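Structural overview for review
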Amino acid sequence: MKKGLILFTAVEAAALLGWFFLVGSNSLVAGVAILLAGLVLEHFLAYRTLVGKNFPIIGLSIISASEAVIWVVWLLITKDHSLPSLLFLALTMFLQHSIERNVFRGNGFFDNLIKLEVAGFTLIEALAAGAWLKFVEQDMGIAGATILAIGLLVEHIVQSKT
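A brief look at the structure comes next. (Residues numbered from 1 in each chain as written. Predicted model: local features only at pLDDT ≥ 70, side-chain atom pairs only at ≥ 80, totals over all residues. Heavy atoms only, no water.)

Turning to the overall build of the protein chain, a few remarks are in order. In terms of helices and strands, the protein chain carries six helices and zero strands. Mapped in sequence order, the helices and strands of the protein chain form the string α-α-α-α-α-α. Taken against the 2.2 N^0.38 rule, which gives 15 Å for 162 residues, the C-alpha radius of gyration of the protein chain at 15 Å falls within 12% of a compact globule. Overall, the protein chain is about 40 × 30 × 30 Å in size when its C-alpha atoms are taken along their principal axes. The proportion of buried residues among the 162 residues of the protein chain is 40%. A total accessible area of about 8300 Å² is found for the protein chain, and carbon and sulfur atoms account for 72% of it. Between the mean site of the 10 positive side-chain charges and the mean site of the 11 negative ones, the protein chain shows a separation of 11 Å. (Helix = DSSP H or I, 4+ residues; strand = E, 2+ residues; numbered from the N terminus. Rg over C-alpha atoms; globule rule 2.2 N^0.38 Å. Buried < 20%, exposed > 50% of the residue type's maximum accessible area, 1.4 Å probe, protein only. Areas by Shrake-Rupley, 256 points an atom, 1.4 Å probe, with all protein chains shown as cover. Lys, Arg positive; Asp, Glu negative; His and termini not counted. Charge placed at Lys NZ, Arg CZ, Asp CG, Glu CD.)

See below:
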């Protein structure tokens, strides 16, 4: 396992959990700010861990902002863990991860946009997010947070090997 992988996974998990908690406490602006800041930090740490050279600041900022939008929209449309919301998250994260892969490899945002190698770890992330919310709905927030964190770690391990 690469150094830093656990750190950037923990940052992403903390950002998602903090955002979710703040949104649930009617602190929408603070929640989105935490999510965006956490995703920016996560992408910078991931880039440093996986690539290690000069940061494409604009590219990392754009993919962080677009991922924050995906999470916010997903939460808005999620009702009883419906299949459409899970499909939304999986499909939009598939495109997100494809663009992220381009940024990490120094390619243009939309170069070869459909990257099948991201499908597996994208599905892991979407399923972990769905399970997280299911546990939260059943007042088992700690179990849900644990599932989310483990799912993100597995996603990042698989992602780092592809």
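The periodicity of an α-helix, 3.6 residues per turn, causes residues three or four positions apart to be oriented the same way. With 23 residues, helix α2 (residues 28–50) should reach 33 Å at 1.5 Å per residue; the first-to-last C-alpha distance of 32 Å fits that figure. All of the buried residues along α2 are G31, L35, G38, L39, E42, H43, F44, A46 and Y47. Elements that come into contact with the buried residues of α2 comprise α1 (5–24), α3 (57–77), α4 (83–104) and α6 (141–161). At the exit of α2 stands G52, carrying a positive phi of roughly 80°. (Expected span 1.5 Å × (residues − 1). Contact = heavy atoms within 4.5 Å.)

So, about the pattern of salt bridges. Summed over all chains, the structure comprises one salt bridge. Across the pair R101 and E117 runs a salt bridge, and its minimum N-O distance is 3.6 Å. Highlighted residues: R101 in helix α4 and E117 in the loop between α4 and α5 (119–137), separated in sequence by 16 residues. (Salt bridge = Lys/Arg side-chain N within 4 Å of Asp/Glu carboxyl O.)

The contact between α1 and α3 brings their axes to 12 Å, and the two run at 40°. Here α1 lies oblique to α3, going by the angle between them. Classified by chirality, the crossing of α3 by α1 is right-handed. Along the contact surface, α1 presents E12, L16, W19, F20 and V23, while α3 presents E67, W71, V72 and L75. Considering only residue class, the contact of α1 with α3 consists of seven nonpolar, no polar and two charged. (Axes fitted to C-alpha atoms, helices over the stretch in contact; angles between N-to-C directions. Parallel < 35°, antiparallel > 145°, perpendicular 65-115°, else oblique. Left-handed = near helix turned anticlockwise from the far one by under 90°. Nonpolar A, V, L, I, M, F, W, Y, C, P; charged D, E, K, R; others polar.)

This part takes up a nonpolar patch on the surface. A cluster of nonpolar side chains, contributed by L83, L87 and L91, occupies part of the molecular surface with about 320 Å² of accessible area. Structurally, the position occupied by L91 is in helix α4. (Patch = residues over 30% accessible without salt bridge, like charges linked within 9 Å, V, L, I, M, F, W, Y side chains within 5 Å.)

This part takes up the packing of aromatic side chains. Enumeration according to the criterion identifies seven aromatic pairs in this entry. Taken together, a centroid distance of 6.4 Å and an interplanar angle of 25° make the contact between W74 and W132 stacked. Of this pair, W74 sits in helix α3 while W132 sits in helix α5, placing them 58 residues apart in sequence. The two residues W74 and W132 agree in class, both being buried. Summarising the aromatic geometry, the rings of F109 and F110 are spaced 6.3 Å apart at their centres and angled 40° between planes, so their arrangement reads as tilted. (Phe/Tyr/Trp six-rings, centres within 6.5 Å; stacked < 30°, edge-to-face > 60°.)

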